[in-house]
Structures are given as C-alpha cells and as structure tokens.
Amino acid sequence: MQGSKWKSSDLWETLEQMVRGRVQEFIQEILEDEVTEFLGGRAKSQRRATVEGGRRGYRNGYGKPRNLTLASGTVQVCRPRVRDVEERFESRVLPLFARRTKEAAELVVQLYLHGLAEGDFELALRGLLGDGAPLSKSTVRRLRERWVAEHAEWERRSLAGRELVYAWADGIYVKAGLEKDKAALLVVIGAMADGTKEVLAVAPGFRESAESWAAVLRGLKARGLGVPKLLVADGNLGIWAAARQVWPEAGEQRCWNHKMANVLDRLPKREQTEAKRLLREVVYAESRAGAGKARDAFADRYADTYPKAVEILAGDWGRMTAFFDFPAGHWRHLRTTNVVESPFAAVRLRTSAAKRFRKVDGATALIWKLLIVAEKRFRKLNSPHLLPGVLAGKRYADGKPVPAEERRAA
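Remember, predicted model here, so these are calculated numbers, not experimental data.

## With respect to the environment of Arg-277
For Arg-277, the location among the structural elements is in helix α8 (residues 269–283). Distance from Arg-277 to Phe-298, taken between C-alpha atoms, is 9.7 Å for residues 21 residues apart in sequence.

Dropping the structure here:
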C-alpha cells in the first residue's frame, strides 16, 4: 500500500496476530448474530415488545473469556448469555463445552498417531496453536481412553445394506508393554459396489489363528455384512481356514507380494534381480495360461539349482490366479493385499516410534484410529462401473466378460 506507514516487513511479522484477531472478531460476531436470531431478531438495544414475534428473554452479558483452539491457532471469545427464556440457548458455532475445533482435534490425532511422544506434545502444539491452547499430557491420555470407547462402539455398528464386492485381510503384530506375547491385530478392508473402500474390522487375535479370524468374520456376518465375491489375503493358514467356515462362497486370492518375497528368500542376492524380472512376468501376465507359461520359464531357469524356490512359486496355484476370473480393470487391486499394507506402513511407523503400549486394547484402539483417519484418503477402485455386475454374479475369464451363451452352456 503506497503511502502507508506500515512496512511489508512489519505486516509480515504481525500477520499471524492480525489474522487471529480478525478470526476472533468474526466468531464473536457470529455468536452475537445467533443470540439475535434466538431472541426473535431482537438486537441489543431493542426491548422484546418492539419486535413483532420476539420471544421471551433478554441478553445477560457474557460468560468468562474462553480459549478456542483452531488449526491455525488459539483465539479468545466470550459466549453471550441470555436469561428468562423457555429453552436454553445453544450456539451452533460454539457448543457449550467445546474447546477445540474438529480440525484442531484432528491435528492432535495426526501428530500423536505419527509418532510424537506424549512428553513433546505440549511444547510442539503450543508452538503451532498458541499459548492459550488447552493441551497437556493428560489430553493425549484422554484421547486414547476415548478411542478405546469409540472403537468398542464402532465394533457394534450395523453393516446391513453395504454391498460388499471384494475384501482384503491382513494382520500386524504389536508388542504391548505389559503383555508377554505379541498381539496380532486382524484387519479387514472391503470394497463396495460404488468403488469406495471401508475399514470393516480391527480386532486383536492370538497369532492370526483360525479361531481368531473366524470370530472376526462371524462378527461381520452377524452385523449384516454379505459375503465378498473375492477375499485377498496372504499365505497365513488361519484366514483361509476361517474363510472356508464363515465365507465358503467367497473366491480366494493369495497376495503376490508375499509369494514373491517367499520365493526370493530362497535365492541368493546375485540371482534376485533376474528372478524378480521373471516373477513379474508371472504376476502381470494377461491370461491364466500366460501366467502358467511364465511360471514354467522360471522353473526352467531355477529347478536344478534352487528347487525350493520353484516349489514355492508353484504352490497353491489356484489361489494365486483367482484374480483372472474378475474384470481386468480390477486386477491391480486384487493381486496383492496392498489395500491393507499401504496404511499399515504408517501403523508400523507409529508402533515403532511409540513402543509404549501397555495394553492390547490401547494398541488396538490406536491403530484403529489411524486406519480410520487413513480411510478418508482411500482411493476408489479402478473401473468402479464394473463392480455392480461382479456383485450380481457376472462371470469373467482372463478379465473379460463370459458371453451369455457360454455361461448357459456351462
């Protein structure tokens, strides 16, 4: 601004303070407008009789100044008070006991979930949100307690009406501080007919046993969830035994990432670059027959020198190639358990950084919360328009629809 007494450096140094001041004024104005609306349009200087239809009641000053933490900082506002009214005044913008906006609360969650220690919280957040931010070590402890309760409620929610097409299942092991054994957290994520993905289950289970997995799947079924057309999981025997009990109608696809890792583990490092190239030709073949030919080429190369690697690759071949019976547009999602593994990368970062889970239920609730936060960023499946057909039972061969006459002949 030409001629202004303010220098750009002065404005820059006071910009945060200016913005927070304007935000504070804006919120206070909204609170005043809410009271005016509540009293039937009566402004501060007007009596009830002067406003037609004005409800009974009058302004009665303000409550004590109150800190409100936003994601951009902390401001101070005064909540207007009213008296002699038939119903209590409830602000829509500032609920009675609110101290943080949803976005500020989410910031607290994100920082904790991504490894910030409890002892560092107050210093870090006061730097971000201002000295008036209502934060302390107890804030984090209360968050964890709340997450445990929220997770318990989430586990009881109804799943009726969801049109489940695909499901991915995997587990993560967490060392809880006061527990002797590692707890396996069993996670199921589903893809619905509209292409969206949803976290369906996060539950502790002893070493991914068949009993633990069966309890998870039965719980989903009892709450109204249908059977997926295809279940994708790793080579753990527990999940497949449980699926045969609870979801016998579901197709079964084993994760190629786990299979490749198991194969490469049987080869020396000097062979792994070439082996990876050959394995990728198996995984990304355009047909089941093409995958078989690529598998045989791998066997020709390594059968004499590394027979165990060849044996592992050929094992459970039917479950390794089930994805060919579904639309080619979905193959990238169905070959692996990456749908679960990707958010688990953040989980593993958090669990490695913290190493202070005292109880399994606390670890479960924390990881559940992280996955729910990650769920907001889940991308839809490719070719979502094909999902309703898959749900309805439309058949595919090598990724292409099977003609109606061939289906009838079969």
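## Structural notes on the packing of helix α7 (residues 256–264) against helix α10 (residues 307–314)
Pairs of packed helices are described in terms of their axes, by the angle between the two and the distance that separates them. Between α7 and α10, the least distance of the axes is 9 Å, while the angle of their chain directions is 165°. Here α7 is positioned roughly antiparallel relative to α10, judged by the angle of their axes. As for how α7 packs across α10, the hand of that crossing is right-handed. Contact residues: α7 offers Trp-256, Lys-259, Asn-262 and Val-263, while α10 offers Ala-309, Ile-312 and Leu-313. Split by residue class, the contact of α7 with α10 holds five nonpolar, one polar and one charged.

## Remarks on the nonpolar core
Within the largest apolar cluster, 56 residues are counted, with the highest numbers of intra-cluster contacts made by Tyr-166, Trp-168, Trp-256 and Phe-298. In terms of nonpolar packing, the next biggest core, distinct from the first, is built from 26 residues, Val-188, Leu-217, Val-246 and Trp-247 among them.

## Looking at the packing of aromatic side chains
Enumeration according to the criterion identifies nine aromatic pairs in this entry. Ring geometry for Trp-256 against Trp-317: centres 6.1 Å apart, planes inclined by 85°, an arrangement best described as edge-to-face. Highlighted residues: Trp-256 in helix α7 and Trp-317 in helix α11 (residues 317–320), separated in sequence by 61 residues. Trp-256 gets classed as buried once you look at its relative accessible area, which sits at 1%. Judged by its relative accessible area of 16%, Trp-317 is buried. Aromatic rings pair up to connect Tyr-166, Trp-168 and Phe-326 into one cluster. One residue, Arg-157, lies across the ring of Trp-154, its end atom 3.8 Å from the ring centre. We note Arg-295 situated over the ring of Trp-317; from NZ or CZ to the ring centre the distance is 4.5 Å.

## Points about unusual backbone geometry
Even without being glycine, Asp-316 reaches a positive phi, approximately 55°. A residue is classified by how much of its surface remains accessible, and Asp-316, at 29% relative accessible area, is partly exposed.

## Observations regarding the side chain of His-151
For His-151, the position within the fold is in helix α4 (residues 137–155). For His-151, a relative accessible area of 7% gives the class buried. What His-151 contacts, discounting residues up to four positions off in sequence, is Val-202, Thr-364, Ala-365 and Trp-368.

Conventions and cut-offs
Residues numbered from 1 in each chain as written. Predicted model: local features only at pLDDT ≥ 70, side-chain atom pairs only at ≥ 80, totals over all residues. Heavy atoms only, no water. Helix = DSSP H or I, 4+ residues; strand = E, 2+ residues; numbered from the N terminus. Axes fitted to C-alpha atoms, helices over the stretch in contact; angles between N-to-C directions. Parallel < 35°, antiparallel > 145°, perpendicular 65-115°, else oblique. Left-handed = near helix turned anticlockwise from the far one by under 90°. Contact = heavy atoms within 4.5 Å. Nonpolar A, V, L, I, M, F, W, Y, C, P; charged D, E, K, R; others polar. Core = buried A, V, L, I, M, F, W, Y, C linked by side-chain atoms within 4.5 Å. Buried < 20%, exposed > 50% of the residue type's maximum accessible area, 1.4 Å probe, protein only. Phe/Tyr/Trp six-rings, centres within 6.5 Å; stacked < 30°, edge-to-face > 60°. Lys NZ or Arg CZ within 6 Å of the ring centre and 35° of its normal.

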